[in-house]
Amino acid sequence: TPVDINDEAERGFTVDDGASVCQIADALQKNGFIKSALAFRIYAKINKTTIQAGNHTLSRNYSMPEIADKLSKAQVSEKYVKILPEKTLKEIQEEWVEDYGFTEEQVKAAFEADYASSVLEGRPEGATLEGYIFPDTYRIYSTDGPQAVVEKALAEFELVADQNDLRTKFANQGLTFYQGVTSASIVIKETANEADQKVVAGVFYNRINNGISLGSDVTFHYAYAQGLCDVNTPACDSVYNTRMHSGLPPGPIANVTKSALLAVAEPESTDDFYFVAGDGADKGKTFFAKTYD
């Protein structure tokens, strides 16, 4: 019978690899989960109980048969993987290898795998998952690989896209979904301020509609970081450099947030064609203007 039928609190109990039934029984009694180590050893022998090493969760209101049953089943612990916004696949891979114990090979395979998600439909041939690993904190089993995180991130992105009707709203702006994500990735790299993001998006639309290049420095910074050009300046020779090339770059340059997506889907109407980030006391602010001067 249970040690304390009224104690419903659950506590951790670790079975070391190679531990004997005698050692486990003694530890169970010492930790207050059973009344008698001898009784547990007899029960385990009669019922041919095989105890699994690892971390288990037990309670003092479990009967001895319940405890034996719990210990005979491998317990899989969980972990949380946090994905920050404005990150490239390269940066996410580095963080997953360093912080969560995945190997580079595992992450690369996860990024190259096929996924059935509506947000991936209509992408150009050869497009990667750049921009699509939606930022959030995801819970997975400790035995899961990075592919499980990607699946959850895509499912979250799909939910955000459906709830906010992003496909229709992007289309109303003359953009495909992929172009919308690409534009949002530039917007979020320019400013994290949600109110400013809508104005930045409005400025970009003004420039595109008037045949002016976006002129966004974050695009050549991305190209340089990806090894697509040799200099981290406006002279960067890459199709991603929107100072050299008109229109949007070939694809996203970072993962995006809901606010950045909505900024592109629902931009603020503005007469401005230019903006600049403040520095010093004005750091974090964005200043807008109609002319370069």
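Above: the structure in question.
Because the structure is a prediction, the values reported are computed rather than measured.

S.K.: Would you mind showing me how to read the nonpolar core here?
M.R.: Within soluble globular proteins, side chains that are nonpolar generally end up buried alongside one another. Counting 56 residues, the largest nonpolar core has Trp96, Ile133 and Leu261 as its most contacted members. Counting residues per element, this core draws most heavily on helix α6 (residues 146–163), which supplies eight residues. Sequence-distant contacts of Trp96, defined by excluding residues within four places in its chain, comprise Val81, Ile83, Gly101, Phe102, Val107, Phe111, Ile133, Pro146, Val149 and Val150. Ala25, Phe33, Leu58 and Tyr62 belong to the second largest nonpolar core, which has 17 residues in total.

S.K.: Where do I start with the state of the cysteines in this structure?
M.R.: Should the sulfur atoms of two cysteines be covalently bonded, the bond is a disulfide. According to the stated counting rule, one finds one disulfide in the structure shown. Here Cys229 pairs with Cys236 through a disulfide, and the sulfurs are 2.1 Å apart. As the torsion about the S-S bond is roughly -105 degrees, the Cys229-Cys236 disulfide counts as left-handed. Taken as a pair, Cys229 and Cys236 share a single burial class, namely buried.

S.K.: I tried to follow the packing of helix α8 (residues 177–190) against helix α9 (residues 194–209) on my own but got confused; where do I start?
M.R.: Two packed helices can be described by the angle between their axes and the distance between those axes. For the pair α8 and α9, interaxial distance at closest approach is 9 Å and the crossing angle is 125 degrees. The angle between α8 and α9 falls in the class oblique. Here α8 and α9 pass one another in a crossing that is right-handed. Between α8 and α9, the contacting residues are Ile186, Val187, Ile188 and Glu190 on the first element and Gln197, Val200, Ala201 and Phe204 on the second.

S.K.: Got a minute to help me understand the environment of Phe177 in this structure?
M.R.: Along the chain, Phe177 turns up in helix α8. Note on Phe177: relative accessible area 5%, which makes it buried. Taking the C-alpha atoms as reference points, Phe177 and Leu120, 57 residues apart in sequence, are found 8.8 Å from one another. Those residues in contact with Phe177 that sit more than four places away from it in its chain are Val119, Tyr132, Phe157, Ala161, Leu166, Arg167 and Phe170.

S.K.: Looking at this structure, how should I read the layout of surface pockets?
M.R.: Any empty space left between the atoms is revealed when a probe the size of a water molecule rolls over them. In this structure, the largest pocket occupies an estimated 580 Å³ of space. Together, 24 residues line the largest pocket, and Gly215, Asp217, Arg243, Phe275 and Val276 are the ones closest to its centre. Those elements that provide at least two residues to the lining of the largest pocket are α8, α9, α10 (217–225), β5 (274–277) and β6 (286–289). At four residues, the largest contribution of residues to the lining of the largest pocket is made by β5. Per-class residue counts for the lining of the largest pocket are 12 nonpolar, six polar and six charged. Looking at the lining of the second largest pocket, the elements that each hand over two or more residues are α4 (89–100) and α5 (104–112). Residue contributions to the lining of the second largest pocket peak at three residues, all from α4. Of the residues that constitute the lining of the second largest pocket, the class distribution is 14 nonpolar, five polar and six charged.

What counts and what doesn't
The numbers attached to residues start from 1 for each chain and follow its sequence in the written order. Selection of residues for local features in this predicted model requires a pLDDT of at least 70, selection of side-chain atom pairs for listing and counting requires 80 or more, and totals for whole chains, interfaces and linings are taken over all residues. Working from all heavy atoms in the structure, the side-chain values ignore hydrogens and water. In plain words, nonpolar cores are sets of buried Ala, Val, Leu, Ile, Met, Phe, Trp, Tyr and Cys residues tied together by side-chain atoms within 4.5 Å. For each residue, the accessible area found with a 1.4 Å probe, counting protein chains only, is set against the maximum for its type, and the residue is called buried under 20%, exposed over 50%, and partly exposed in between. A run of H or I in DSSP becomes a helix once it reaches four residues, and a run of E becomes a strand once it reaches two; helices and strands are each numbered from the N terminus. The contact criterion used is simple: two residues touch if any of their non-hydrogen atoms lie within 4.5 Å. A pair of sulfur atoms, both from cysteines and within 2.5 Å, is called a disulfide here. Orientation is described by lines fitted to C-alpha atoms, with helices fitted over the stretch in contact, and by angles between N-to-C directions that extend from 0 to 180 degrees. Put simply, angles under 35 degrees are roughly parallel, angles over 145 are roughly antiparallel, angles from 65 to 115 are roughly perpendicular, and the rest are oblique. Note: crossing handedness is left-handed where the near helix turns anticlockwise from the far helix by less than a right angle, and right-handed where it turns clockwise. Points on a 1 Å grid over protein atoms alone make up a cavity when a 1.4 Å probe fits among them but cannot get out, and a pocket when they form an open set with protein on both sides within 12 Å along at least five of seven lines; lining residues each have an atom within 4 Å of a point. Grid points are joined across faces, edges and corners, and a volume is the space filled by probe spheres set on the points. Put simply, Ala, Val, Leu, Ile, Met, Phe, Trp, Tyr, Cys and Pro go in the nonpolar bin, Asp, Glu, Lys and Arg in the charged bin, and everything else, Gly too, in the polar bin.

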